[in-house]
Amino acid sequence: MAKALVIVESPAKAKTINKYLGRDFKVVASMGHVRDLPKSKLGVDVDDGFAPAYEVIASRKKVLRELKDAAQKVKEIFVATDPDREGEAIGWHVAQELSALKGAKTRAIHRLMFNEITKKAVNEALKHPGHIDRRMVDAQQARRVLDRLVGYKISPLLWDKVRRGLSAGRVQSVALKLVCDREAEIQAFKAEEYWYVFARLAGALPPEFQARLVKKGGSTLKIGTEAEAKAALADLSRATYTVTAVTTKERKKSPVPPYITSKLQQASRFPVKKTMMIAQQLYEGVELPGEGAVGLITYMRTDSTRVSDEALAEVRGFIGQRYGQDSLPAKPIYYRAKKDAQDAHEAIRPTSTAYEPDRVRRHLTADQYYLYRLIWNRFVASQMTPATFDETTVEIGAGDYTFRAKGSVPKFPGWLAVYGADAADTAAAPAPDPSGGEPDEENGASVLPPLEEGQRLDLRDLRPEQKFTQPPPRYSEATLVKALEENGIGRPSTYASIIGVLQAREYVNKTEGRFKPTMLGRILVTRLLSPSFDDILDLEYTAKMEEQLDEIENGRADYRSTLESFYEKFEKDLAKAKGVMPNLKEGEPTDETCEKCGSPMVTKAGRFGLFLACSAYPDCENTRELEKPEPGTEDIEETCENCGRPMVVKRGRFGPFLACTGYPECKTTRKLISTKQGVTAARPDQVLDEKCPRCGANLVVKHGRFGEFTACSNYPTCKYVKLKATGVKCPKDGGDIVERKSRRGKVFFGCSNYPDCDFTLWNRPVDEKCPDCGAPFLVEKTTKRHGRQLLCQNEACSYVRSEELTAV
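Residues numbered from 1 in each chain as written. Predicted model: local features only at pLDDT ≥ 70, side-chain atom pairs only at ≥ 80, totals over all residues. Heavy atoms only, no water.

**Quick word on the overall build of the protein**
Phase 1: A count of helices and strands for the protein gives 19 helices and 39 strands.
Phase 2: Expressed as lengths along the three principal axes of its C-alpha atoms, the size of the protein is roughly 90 × 80 × 75 Å.
Phase 3: Looking at the 808 residues of the protein, the share that counts as buried comes to 47%.
Phase 4: Within the protein, counting contacts between residues at least 6 apart in sequence, those at least 24 apart form 62% of the total. (Helix = DSSP H or I, 4+ residues; strand = E, 2+ residues; numbered from the N terminus. Buried < 20%, exposed > 50% of the residue type's maximum accessible area, 1.4 Å probe, protein only. Contact = heavy atoms within 4.5 Å.)

Shown next, in the form of C-alpha cells:
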C-alpha cells in the first residue's frame, strides 16, 4: 500500500513520474485546476481586500473526491504541478481542499519542483522537498482577479451597448490594439516608386556576376522614376567598366541561444496553441521501447536562456565527439537573459543528448519529431563555435557611376552545421531598401570570379527593375508574439490564450496566415474602449502591470495594494464609459443615406458583426455591409439561378458568400471560392434526373462547408440529403451504413435509419466477413506506422490483415 501521494496535473505526466517511483508512492492527476472563480458572478469582494470566492469546478468534483480518498490513506502528500505560477496555484488549491480533511494536521504536504521529467530530476526533488510558494500563488491570483474585474465589469457594458458575447479582457485588448494600429498604418501607407539598376558583368575568368548601381559622383544614388532610370541606362550603356576596389575579410556569425517560449513559438511552423500542445507532450513524456514514458524536453514555459552546468557538460561532450574539437568553444557559452526575464527555469532543451531526434523518430508523431528536432538542433548549435565566411566586396567604376557586388564563401560551418537548415526555414525575408542602400549581406551575396583593382570588365547586360515601398506587414501569430514580448505584454504561458481569444470573439480574421481586425474589432478599440479606458489599451501601462505581478512574486509588492491602486482609477473609468460609450443596439448615426427611401443610415450590431441599417426600420428594412468588400470580390457579377435577380456579396458566420437580392422571397446562396486567379463564385446547384424519395422533387448537387453533397431541391421544405453508401448493412437493423460528417467536418459512418438507429463507426466498413469469427464486415484503418489495415470490429477478435502483416 502506498505511503505517499504525488499530485500532478495530467495523466500523461502521472504515467511518466509513476515509472520513476516505487510502490510507496501513488501518482494521481488533478486534471488541471480544481477550483476557480464562479462563472455566474464576479466572485471578488472589492470591499474586503479583493478576496476571491473560489468554488470547486463542476467537472472536477469527481476528481477531487478521488484525491481526497487517496489522501486519507497516506502519511505524506507531494504536490508536483508545473514549476510556474499556474502550477503553483493549482497545487495550492488542491492543498487547500486536502487540508480540510479529517486528520490533515498529521499529514504533511510538500512541494516538488523539477525542470525536467527524468528519473534523476524527480528523485533529486524528492530529496529536497519544499513548500508551496504563497507569493507565486498571490501573483497568479492577482492576475486572475485583475482579468476578472476587467472582464466582468466591462463586458456587461458591451452587451448592453452592442451585443452579447463580446468581451474586453485586460491583455487581449492591448493585443487587439496592436493589430488595429498596424491595420491603420497599412491603410494610411502610400507606396513610393523606386528603381534598381543591375549590370551583368564578366571578368577574365568565369563566372559572370551581377552588380548593383549604388553611387553617382561619390554620393548614394536614389532613382525614383522611370525617366531617371532611363537616363542612367543611357549613360551606362556607353561607359567603360573597371574594378576600382576589392576588399576581402572574414566574417563570423555567432550561434543563437537555446529557445525560450516566445522564440519557439515564433520559429515553429505551427500555430502558437499547437506548438505549446506538442511541447507539453514532449515534456510530459513519450513512450520509448524498454524505457517506458520519457520526458524528452525541459519545461516549455520559460523566458530564460540559462542552462544547467550538468547539461552544458553533456552537450559539450557530445559536440566534441560528433563534430570534432574545432566545433567546440574553449569554454561554455553563457547567454545574457533579457532585462525583465523571471529566470525561474532553464531554457527549453532536450533532457539528454542520448535521445537524438533520429533515434526516437519512429516513436514520435511527425509533428512531435519536427518540434523536438527544432529544439534539439537549436540547443546543440547554441554551444558550438561561430560559422565563418570569406566575404568579398567589389566596387566597379562606370564613368561617374559606381556599382557594387558582394561574394561570400563559407569557410567553416560551425554551429550552422547543426542548425543551418532550421535557421533558413525560420528566418524572415529581408525587406527591400527603398533608399537604394545595400541588400542584405547574406542574402544578397553571390559567387564572384577572381578580380583585382584596375581590371577591365565586359558588360553583358543592363537591367532596370521597378520597385515600390511596401506597407508594414500584418501580424502573423509569430510576429504578434514577438511584439507582445518586446512590449512586455503577457508572459510565456499567456501568449497562446491571448491569440485564441481574439479569434474566438471574432475581433480578428486570419487571412493567409495573418491577422486583420474585423470592423467589430476596430470599433471595439477606437470607439468603445479608447475614449474611457485609455490606460487598459496603453502598452506601457499594461507592461508595468506585468512588472507589478512579478514584484508580488518576488515579495517586493503586496497583493491588496496592487489591486487597490488599479481599481481606484478603473472604477472611475467605468462610470465615465456608461455615459459616453455609443449605443450600437439603438444605432449610431452615420453620413450614409438609404438608397431605397432616403432616410439616414445608422451603424448597428448584429449576429455576425456591425452593419448599416436604415433608420426608418421597420418601415424600411434595407441593410448594407459595413465592412469593405473582401479583396477580389468587387467585380463579381452573378445572377440567381432560381429567380434571375442579381446576387450580392454578404458576410456570414463562415465568411463572405453570395446571396440573392430577392431575400427573403428567394433564399438562394452560393459559396465563394479562393483560387490562384482570385475569388470566384461556386457554380450553381446541378439539377439531377434523380427524384427525392420523400417529396418527389429533383435532387441537386450542392456545395457546402465541407464539399459537395446531394440534397433535395425543395429545401428547406424537404431536408432530405443523400448520403454516400458503403455497401455494408447495419448489424443492428439491416439499414445501409452510409458516410456522414460531424459538425467539425470529420468523416464517420452510421446507419441510414438514424435517428431510429444510432449505430456508428469511425473507421470505414468493408463488405468482407471476418475469417476468424465470422463477423459480417471488417473495418479499414490507415496509420503512418502500419499503413492500410483491415481489422475485425468485434472486440473479442484480434484479426488483422495488412500489406506488412499476414492474418494473426
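What follows picks up the thread again.
**A closer look at helix 10 (residues 309–323)**
Phase 1: When the terminal C-alpha atoms of helix 10 are compared, their 21 Å separation across 15 residues agrees well with the 21 Å that a helix rising 1.5 Å per residue should span.
Phase 2: By the burial criterion, the buried members of helix 10 are Ala311, Leu312, Val315, Arg316, Phe318, Ile319 and Gly320.
Phase 3: Here the buried face of helix 10 lies against helix 12 (366–381).
Phase 4: Directly after helix 10, the chain includes glycine 324, whose backbone phi takes a positive value near 95 degrees. (Expected span 1.5 Å × (residues − 1).)

**With respect to the pattern of salt bridges**
Phase 1: Considering all chains together, one arrives at 49 salt bridges under this definition.
Phase 2: Residue glutamate 546 pairs with arginine 170 through a salt bridge whose shortest N-O separation is 4.0 Å. On the criterion of sequence distance, the pair formed by glutamate 546 in helix 18 (residues 539–554) and arginine 170 in helix 6 (residues 170–188) is long-range, its members being 376 residues apart. Neither residue differs from the other here; glutamate 546 and arginine 170 are each classed as buried.
Phase 3: Ionic pairing is found between glutamate 226 and lysine 230, a salt bridge with its closest N-O pair at 3.6 Å. Of the two residues, glutamate 226 and lysine 230 are both situated in helix 7 (residues 226–236); the distance of four residues between them amounts to about one turn of the helix.
Phase 4: For glutamate 226, a relative accessible area of 40% gives the class partly exposed.
Phase 5: Overall, the relative accessible area of 53% leaves lysine 230 in the exposed class. (Salt bridge = Lys/Arg side-chain N within 4 Å of Asp/Glu carboxyl O.)

**Details of the nonpolar core**
Phase 1: With 65 residues, the main nonpolar core has Ile154, Leu480 and Phe570 as its most contacted residues.
Phase 2: Contributions of two or more residues to this core are made by helix 5 (134–161), helix 6, helix 15 (477–486), helix 16 (495–504), helix 17 (519–529), helix 18 and helix 19 (559–580).
Phase 3: Residues in contact with isoleucine 154, not counting those within four places in the same chain, are Leu149, Ala168, Leu529, Phe533, Ile536, Phe570 and Leu574.
Phase 4: Val8, Leu21, Tyr259 and Ile319 belong to the second largest nonpolar core, which has 62 residues in total. (Core = buried A, V, L, I, M, F, W, Y, C linked by side-chain atoms within 4.5 Å.)

**Some thoughts on helix 16**
Think of an α-helix as turning once every 3.6 residues; residues three or four places apart then point the same way.
Phase 1: Turning to helix 16, its buried residues number three or more, namely Tyr495, Ile498, Ile499 and Leu502. The buried residues of helix 16 all sit within an arc of 90 degrees when viewed along its axis, so they share a single face.
Phase 2: Buried residues in helix 16 make contact with helix 6, helix 8 (261–267), helix 9 (272–284), helix 15, strand 18 (508–511) and strand 19 (514–517).
Phase 3: Looking one or two residues past helix 16, glutamate 506 carries a phi angle of roughly 60 degrees, positive in sign. (Arc of directions from axis to C-beta.)

**Some words on the packing of aromatic side chains**
Phase 1: Tallying each qualifying case throughout the model produces 16 aromatic pairs.
Phase 2: Ring geometry for tryptophan 415 versus tyrosine 419: centroids 6.2 Å apart, planes at 25 degrees, classification stacked.
Phase 3: Classification of tryptophan 415 as buried rests on a relative accessible area of 2%.
Phase 4: Their ring planes at 45 degrees and their centres at 6.2 Å tell us that tyrosine 567 and phenylalanine 570 sit as a pair that is tilted. Note that tyrosine 567 and phenylalanine 570 are positioned in helix 19 at a spacing of three residues, about one turn of the helix. Phenylalanine 570 matches tyrosine 567 in its accessibility class, with the two residues each being buried.
Phase 5: Aromatic rings pair up to connect Phe50, Phe533, Phe566, Tyr567 and Phe570 into one cluster. (Phe/Tyr/Trp six-rings, centres within 6.5 Å; stacked < 30°, edge-to-face > 60°.)

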